[in-house]
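Residue-level structure breakdown
In case you want the letters, here they are:
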Amino acid sequence: MIKFDQVTKRYPGSYEVLKNASFTIEAGEFVFVTGHSGAGKSTLLKLIAAIERPSSGTVLIANQNISKLKESAIPFMRRRFGLIFQDHKLLYDRNCFENVVLPLHINGITGPEAAKRVRAALDKVGLLNKEKAMPITLSGGEQQRLAIARAVVSRPSILIADEPTGNLDANYAADIMAIFQAFHQVGVTVIMATHDALNRAAIQNRVLHLDHGTLKQTGTASSEQSTA
Amino acid sequence: MSKNMISTAFNHHRQALKLVLGRMRRNALSTFMISLVIAAALCVPGLFYLGVNHISSFASHIQDENEISVFLKLDADSAAIANVKDALHKNAAIQSVKFVSKDEAWQQLRVKAEKDSASSDVINELKTNPLPDAFLVVAKSSKPEDLDALKVELQSLANVDKVLLNTEWVKRLSALLALGKQIIFIVAGLLAAALLIIISNTVRMQILTQKDEIIVSKLIGATNSFIRKPFLYAGMLYGLFGGLLAIVMLMGIVMLFNQSLAQLSALYNSDFSLALINPKLFAGMVCAAIAIGWLGSYVAVTRAAATININ
């Protein structure tokens, strides 16, 4: 489904953020991307989501080469993913409903069909009663749940989350993790960057560990724990 | 294009329009101010056009371009008149001759003056008829050089006091009107450039305030045209509102103008007034404003798209 072959990413005037990374993620996997801050986790996720293009090597998503994709085709590629960011990237001049409906509008879905899907997504993250609330009135955990609702509303097959629990205390973080687990269980591929060892230790999942841009190991969280 | 794609495109347009109208309603005052600026800029060439258009339609009614008035000396007797008449009839360059006696002309003037007390007072005070006998001559040719040659020829006849080429002032007027039309084009061009800059700047400011939204939309797969649409609609709507407001302003100005003109033209015994509704001008103004609005916002969006980067 997602295949990296000797992918290197270099920003202009900077060192190689990602060096010769090769790995494959199959449909329905739950994969953690770990590493210290600056190790290249975000860059790896951006490459998967077609936000960045590799400097060299190939990134294949659903058998399409991202580097060879036309600029005009990129937005349609991006719609395959649900993206969740550490800073939520919510729109604070719109209420919760309007935030979640945005991806549907981009897909040209409006009216009762859109409203039905938005409520379903809000229900999944436990915010159905906050439909009319402005995001600023929500707690940090609720804002992150709202961002998840926006990411899943157009039913993408891949969820990409960049440190979704980074700013949250343990209770909220556990909530968020449970939501991702639930999506994983219904067959959604989940790729999550985190530096939080506690979370991934609790779950038996595959881990892509980055150290200064180099992919160190592709084992499971439990195997990493045992070697540590 | 499949049915689904058409409905998607339609939904995009409807969403963009709804979004923009909502934003405009929330910022009603600033929307009104921008529309007012656009309207004022449209009004200036619009007024020019109305004035020039009216005068040129008035001038085009005058068709006898080859008419020459030949005024005789006041002391010309009937023999002298007959002589002149004879000479005119013999002239090969002349198509027709019509004699207007001094008494006839005097009667015509009095009839006209009766409608207006001020000028009839003046005429009644005159003891004798001050008007000369005259011939209205229509030349065969309407070429300016032929008419000028004929004028000189007639001027040389005995007992002829003055020869007036009726077309001369028409020519001067149409030259002035041509100049007026050029001025309209220049003024309209300059104001269009100013409008383009105003609208483009306004939309650019809006893009900057919507920067987060643009970034998020791009991240979740919005195409450039999806992002551009609301701003293009905003530009076109500013143009539309400005155009409609300009029509209202123009109608108000014409009404005011006609009111004060009514008093003035009553004194001159004429019914000169500007038409209140000019569909051609109004449609042109609104269309031009919408087109400028679209172009201005297109420029702004294209420039901003290059600076807003999601990475």
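Residues numbered from 1 in each chain as written. Chains lettered and ligands numbered in written order. Predicted model: local features only at pLDDT ≥ 70, side-chain atom pairs only at ≥ 80, totals over all residues.

Further remarks concern the overall build of chain B. Along its length, chain B carries 10 helices and 4 strands. Each helix and strand of chain B, ordered N terminal to C terminal, gives the series α-α-β-α-β-α-α-β-α-β-α-α-α-α. Taken over the C-alpha trace, chain B has a radius of gyration of 32 Å; the compact-globule value for 311 residues is 19 Å, which it surpasses by more than 25%. Its C-alpha atoms give chain B principal-axis dimensions of roughly 100 × 45 × 35 Å. Split into buried and exposed, the 311 residues of chain B put 24% on the buried side. Pairs at least 24 apart in sequence give 85% of the contacts found in chain B among residues at least 6 apart. (Helix = DSSP H or I, 4+ residues; strand = E, 2+ residues; numbered from the N terminus. Rg over C-alpha atoms; globule rule 2.2 N^0.38 Å. Buried ≥ 20, exposed ≤ 12 C-beta atoms within 10 Å, placed from the backbone. Contact = placed C-beta atoms within 7 Å.)

By the assigned domains, chain B splits into domain 1 (3-61 + 171-307) and domain 2 (67-165). Its C-alpha centre places domain 1 of chain B at a distance of 53 Å from the equivalent point of domain 2 of chain B. (Domains from an automatic or database assignment.)

Looking now at the interface of chain A and chain B. With 15 residues of chain A at the contact, the number on the chain B side is 17 residues. For the side of chain A that touches chain B, the secondary structure elements donating two or more residues are helix H2 (74-78) and helix H3 (96-106) of chain A. For the side of chain A that touches chain B, the element with the most residues is H3(A), which contributes 4 residues. The residue makeup of the side of chain A that touches chain B, split by class, is 8 nonpolar, 3 polar and 4 charged. (Nonpolar A, V, L, I, M, F, W, Y, C, P; charged D, E, K, R; others polar.)

Within soluble globular proteins, side chains that are nonpolar tend to cluster in buried spots. Val33(A), Ala149(A), Leu159(A), Ile160(A) and Ile191(A) are the most contacted members of the largest nonpolar core, which totals 70 residues. Among all residues touching Ile191(A), those that are not within four sequence positions of it are Ile25(A), Val31(A), Val33(A), Leu45(A), Ile48(A), Ile158(A) and Ile160(A). Listed in part, the 31 residues of the second largest apolar core include Ala16(B), Ile38(B), Ile207(B) and Ala234(B). (Core = buried A, V, L, I, M, F, W, Y, C linked by C-beta atoms within 7 Å.)

Glancing now at helix H1 (residues 41-48) of chain A. Residues and elements named next belong to chain A. Among the 8 residues in H1, 7 count as buried, and that is most of the element. Within H1, burial applies to Lys41, Thr43, Leu44, Leu45, Lys46, Leu47 and Ile48. The positive-phi residue at the C-terminal boundary of H1 is Ala50, with phi of around 60°.

All names here are of chain B. The 4 strands lie next to each other as S2-S3-S1-S4, forming an open sheet whose pairing is antiparallel. What marks the edges here is a single partner per strand, and that holds for strand S2 (94-100) and strand S4 (160-165). Strand after strand, the sheet turns through a mean of 20° between neighbouring axes, direction not considered. Of the pairings in the sheet, the one linking S2 to strand S3 (residues 134-139) comprises 6 bridges and is antiparallel in character. Each bridged residue has a counterpart across the sheet, and for Phe99 the counterpart in S3 is Phe135. Here helix H3 (residues 78-90) sits on the sheet and contacts strand S1 (67-72), S2, S3 and S4; the angle it forms with S2, its principal contact strand, is near 160°. Where helix H6 (residues 144-155) meets the sheet, it contacts S1, S3 and S4, and its direction lies at approximately 170° from that of S4. (Pairing = 2+ DSSP bridges. Axes fitted to C-alpha atoms, helices over the stretch in contact; angles between N-to-C directions.)

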